[in-house]
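Inside the fold
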Amino acid sequence: IVNEKLVGIHGIATDITEVKHAYNALNETKENLEVFWNNSADPIFFIDTNGDIVRVNPAFEETFGFTEEEMVNGKGTIIPPHMLEDQLAIVERISKGETVNSHDTIRMTKSGKSLNIISSYSPVRNADKEIVGATIIYKNVTELKKAEIELQKSQEKYKLITESTFDIITLVDLSGRIEYVSPAYERVSGFDIESFIGKPFTTNVHPEDQAILRNSVSSVIEGGKPATIEVRFLNQEGQYIWMEVSPTPVIEDGKVKKFFTIA
């Protein structure tokens, strides 16, 4: 405008391409995080620097039975009373910027059921790099813990059987190396058990009988029925003793992983 009259128009253009790209990328990241947050099978939640819960995902509500509102308002708690100090110690570590991975703990559902939990804590910082809280991911391993206990009981039971039997039980990998031999081997042969570990399963077998034993094992591995054969084993006194040997495959997921022999 010159002398109060419009004589032309001028414009200023600013290149916002990079800003647009950044905005779109940020929006896409936000959407992806929301999908992850809402659809994760594992409980995920956010706490502030005091350790108070600010937000929980749907899997948290499903696992523990508490709603987000109950947790935010302090009407619900998942930490057993005897583990409060442990939780406070973790919050203190987070406040110092430390990431806590694979923390084994116990948490309680709304109904009072105890759950075995593996937890991971990651500090969250604002634009000024100040720690404002932490994101926490829980992995419910209650059923896994039960399976581990049952497996341990089973292992102890079979260990008791193998170590009490008068038969020699030998576990062999598919390369033909011995992984385990029962104490009966030492009682029968006189050789130390440890001297047998890692050696070929034909160790101390009479040279004339080694092929018979190998063929029997190969047949079992290839799907043949287990059969009992007679072979001669060398004892510590330098004498050969006759043994009945029954090779049997160890099958996992439909595949032969190892085999064992009972002599």
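Preceding block: the structure.
Here is a short report on the structure shown in this document. (Residues numbered from 1 in each chain as written. Predicted model: local features only at pLDDT ≥ 70, side-chain atom pairs only at ≥ 80, totals over all residues. Heavy atoms only, no water.)

A separate point is the sheet that holds strand β6 (residues 169–173). Pairing in this open sheet of 5 strands is antiparallel, and the strands run β7-β6-β10-β9-β8 from one edge to the other. The sheet terminates laterally at β7 (178–181) and β8 (229–234), the two strands that pair on one side only. Direction aside, neighbouring strands of the sheet carry axes that sit 35° apart on average. Of the pairings in the sheet, the one linking β6 to strand β10 (residues 255–262) comprises 5 bridges and is antiparallel in character. Bridging across to β10, T170 finds its partner in T261. (Pairing = 2+ DSSP bridges. Helix = DSSP H or I, 4+ residues; strand = E, 2+ residues; numbered from the N terminus. Axes fitted to C-alpha atoms, helices over the stretch in contact; angles between N-to-C directions.)

The pairing of strands in a sheet comes from backbone hydrogen bonds and takes either a parallel or an antiparallel form. Reading across from one edge, β2-β1-β5-β4-β3 is the order of the 5 strands in this open sheet, with antiparallel pairing throughout. Sheet topology places β2 (53–56) and β3 (100–108) at the edges, where each strand pairs with a single neighbour. Neighbouring strand axes in the sheet, compared pairwise and without regard to direction, differ in orientation by 30° on average. Where strand β1 (residues 44–48) lies against β2, 3 bridges are found, and the strand directions are antiparallel. The residue of β2 that forms the bridge with F45 is V56. Set on the sheet, helix α1 (residues 17–39) makes contact with β1 and β2; between it and β1 the angle comes to about 105°. Of the strands in this sheet, β1, β3, β4 (114–125) and β5 (131–140) are in contact with helix α4 (residues 84–95), which crosses β3 at around 150°. (Contact = heavy atoms within 4.5 Å.)

Bringing the packing of aromatic side chains into the picture now. How two aromatic rings sit relative to each other is given by the distance of their centres and the angle of their planes. In total, this model carries 6 aromatic pairs according to the counting rule given. Note on F60 and F64: the rings are 4.9 Å apart at their centroids and 45° apart in plane angle, and the pair reads as tilted. Here F60 and its partner F64 are both found in helix α2 (residues 58–64), 4 residues apart, which amounts to about one turn of the helix. As far as burial versus exposure is concerned, F60 and F64 are alike and both buried. One aromatic cluster in this structure is built from F45, F60, F64 and Y138. (Phe/Tyr/Trp six-rings, centres within 6.5 Å; stacked < 30°, edge-to-face > 60°. Buried < 20%, exposed > 50% of the residue type's maximum accessible area, 1.4 Å probe, protein only.)

Attention now moves to the pairing of β4. In regular strands, side chains alternate between the two faces of the sheet. Pairing of β3 with β4, which is carried by 7 bridges, proceeds in the antiparallel orientation. Note that in β4 the partner of I106 across the bridge is N116. Where β3 folds back onto β4 in an antiparallel hairpin, the turn is made up of 5 residues, including G112, whose phi is positive at roughly 95°. The pairing of β4 with β5 spans 9 bridges and is classified as antiparallel. What sits directly across from Y121, in β5, is I136.

Burial of nonpolar side chains together is a common tendency in soluble globular proteins. If you look at the biggest cluster of nonpolar residues, it comprises 21 residues, and the most contacted ones within it are F45, F60, F64, I78 and Y138. Of all the secondary-structure elements, those providing two or more residues to this core are β1, β2, α2, α4, β4 and β5. Those residues in contact with F45, other than ones at most four positions away along the chain, are W37, I53, R55, V56, F60, A134, T135, I136 and Y138. In this structure, I178, F201, V205 and L213 belong to the second largest nonpolar core, which totals 20 residues. (Core = buried A, V, L, I, M, F, W, Y, C linked by side-chain atoms within 4.5 Å.)

This part is about the pairing of β10. Here 7 bridges tie strand β9 (residues 240–252) to β10, and the two strands are oriented antiparallel to one another. Bridge pairing in β10 links P249 to F259.

Let's shift gears to the pattern of salt bridges. Under the definition given, this model contains 9 salt bridges. Ionic pairing is found between K139 and D42, a salt bridge with its closest N-O pair at 3.0 Å. Placement of K139 in strand β5 and of D42 in the loop between α1 and β1 is noted, with a sequence separation of 97 residues between them. Residue class for K139 comes out partly exposed when judged on its relative accessible area of 40%. Linked by salt bridges that have partners in common, E208, D209 and R232 make up one network. (Salt bridge = Lys/Arg side-chain N within 4 Å of Asp/Glu carboxyl O.)

Structurally, T202 is set in the loop between α6 (184–189) and α7 (210–221). Not counting residues within four places of it along the chain, the set of residues in contact with T202 comprises Q210, L213 and R214.

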